[in-house]
Amino acid sequence: MIDGPYFVLTLLGVLGCGLVAGVFCGFSTFVMRGLAELPPAQGVAAMNAINVAALRPAFMLVFVGSAGLCAVLAVVTFVLLPDDGAVELLLGSALYLFGSFGVTVVANVPLNEALLKMDPGTPETAVYWRTYVREWTTWNHVRTVASAGAAIAYTLALT
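Described below are features of the structure shown in this document. Note that the coordinates shown come from a computational prediction; the quantities given were computed from them, not determined experimentally.

### Quick word on the nonpolar core
Core analysis: the largest hydrophobic core is formed by 18 residues, its most contacted members being Ile2, Cys17, Leu73, Leu89, Tyr96 and Tyr154. Broken down by secondary-structure element, the contributors of at least two residues to this core are helix H1 (4–37), helix H3 (57–80), helix H4 (86–116) and helix H5 (123–158). Setting aside residues no more than four positions away along its own chain, Cys17 makes contact with Ser66, Cys70, Tyr96, Ser147, Ala150, Ala151 and Tyr154. In this structure, Val44, Leu115, Tyr132 and Val133 belong to the second largest nonpolar core, which totals twelve residues.

Here's what the structure looks like:
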């Protein structure tokens with residue numbers, strides 16, 4: 001069984017990945033659906049406001065901090081090669097770093113940046129908004145599953 005500081009790091013990994021999975025799950029299950037029901041100009045304005053608010057320390061500490069923690073857990077696991085939980089720890093790290101953090105960087109953030117550059121009241125933005133909601137939500141589903149999978153893998157490493 002994992003113990004000592006390694007236990008604490010893994011437990012923090014469970015907590016961080018689980019919190020991020022919860023945020024992403026909320027977006028996938030009701031926030032994006034609610035925004036999609038608004039007139040496009042209002043949905044775009046609301047999403048842009050949400051994206052700005054997400055960059056504040058409260059969420060970024062959990063989101064980016066979890067990525068840092070997952071990277072530390074992966075490196076420590078490679079260096080120490082523990083008998084217990086190595087596969088689960090590496091799987092959890094990979095799921096979060098690639099499936100959550102990586103997908104955010106290569107898929108969701110570029111979509112957000114493109115949306116931010118658009119004038120919410122134009123017909124072009126209204127057309128893009130439908131595509132944005134569909135694509136952003138699809139990638140968000142991936143982030144949700146990856147973050148939850150990372151939390152599960154880390155939990156299994158503790159058992």
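Read on for the rest.
### A few points about the packing of helix H2 (residues 40–54) against H4
Axis separation between H2 and H4 bottoms out at 10 Å; the angle between their running directions is 125°. It follows from the interaxial angle that H2 and H4 lie oblique. Crossing angle aside, the handedness with which H2 passes H4 is left-handed. Together, Val44, Met47, Asn48 and Asn51 of H2 and Asn112, Leu115 and Leu116 of H4 make up the contact between the two elements. Grouping the amino acids of the contact of H2 with H4 by side-chain chemistry returns four nonpolar, three polar and no charged.

### So, H4
Here H4 contains 31 residues, and its C-alpha end-to-end distance of 41 Å stays within 8% of the 45 Å for a straight helix at 1.5 Å per residue. Of all the bends in H4, the largest measures some 50° and sits at Thr104.

### Quick word on H3
Here H3 is 24 residues long and its end C-alpha atoms lie 32 Å apart, about the 34 Å a rise of 1.5 Å per residue gives. Looking at the buried side of H3, the elements it contacts are H1, H4 and H5. Positioned one or two residues after H3, Leu81 has a phi angle of 40°, which is positive.

### Details of the packing of aromatic side chains
As enumerated under the stated definition, the model contains seven aromatic pairs in all. Pairing Phe27 with Trp136 gives two aromatic rings, centres 5.7 Å apart and planes at 55°, and the pair type is tilted. In this pair, Phe27 sits in helix H1 while Trp136 sits in helix H5, placing the two residues 109 residues apart along the sequence. A single burial state applies to Phe27 and to Trp136, both of which are buried. Connected via pairs of aromatic rings, a cluster forms that spans Phe24, Phe59, Phe63, Tyr96 and Phe101. Over the aromatic face of Phe24 sits the side chain of Arg143, whose NZ or CZ is 3.9 Å from the ring centroid.

Rules of the game
- Residues numbered from 1 in each chain as written.
- Predicted model: local features only at pLDDT ≥ 70, side-chain atom pairs only at ≥ 80, totals over all residues.
- Heavy atoms only, no water.
- Core = buried A, V, L, I, M, F, W, Y, C linked by side-chain atoms within 4.5 Å.
- Buried < 20%, exposed > 50% of the residue type's maximum accessible area, 1.4 Å probe, protein only.
- Helix = DSSP H or I, 4+ residues; strand = E, 2+ residues; numbered from the N terminus.
- Contact = heavy atoms within 4.5 Å.
- Axes fitted to C-alpha atoms, helices over the stretch in contact; angles between N-to-C directions.
- Parallel < 35°, antiparallel > 145°, perpendicular 65-115°, else oblique.
- Left-handed = near helix turned anticlockwise from the far one by under 90°.
- Nonpolar A, V, L, I, M, F, W, Y, C, P; charged D, E, K, R; others polar.
- Expected span 1.5 Å × (residues − 1).
- Bend = angle between axes of the 7 residues up to and from the residue.
- Phe/Tyr/Trp six-rings, centres within 6.5 Å; stacked < 30°, edge-to-face > 60°.
- Lys NZ or Arg CZ within 6 Å of the ring centre and 35° of its normal.

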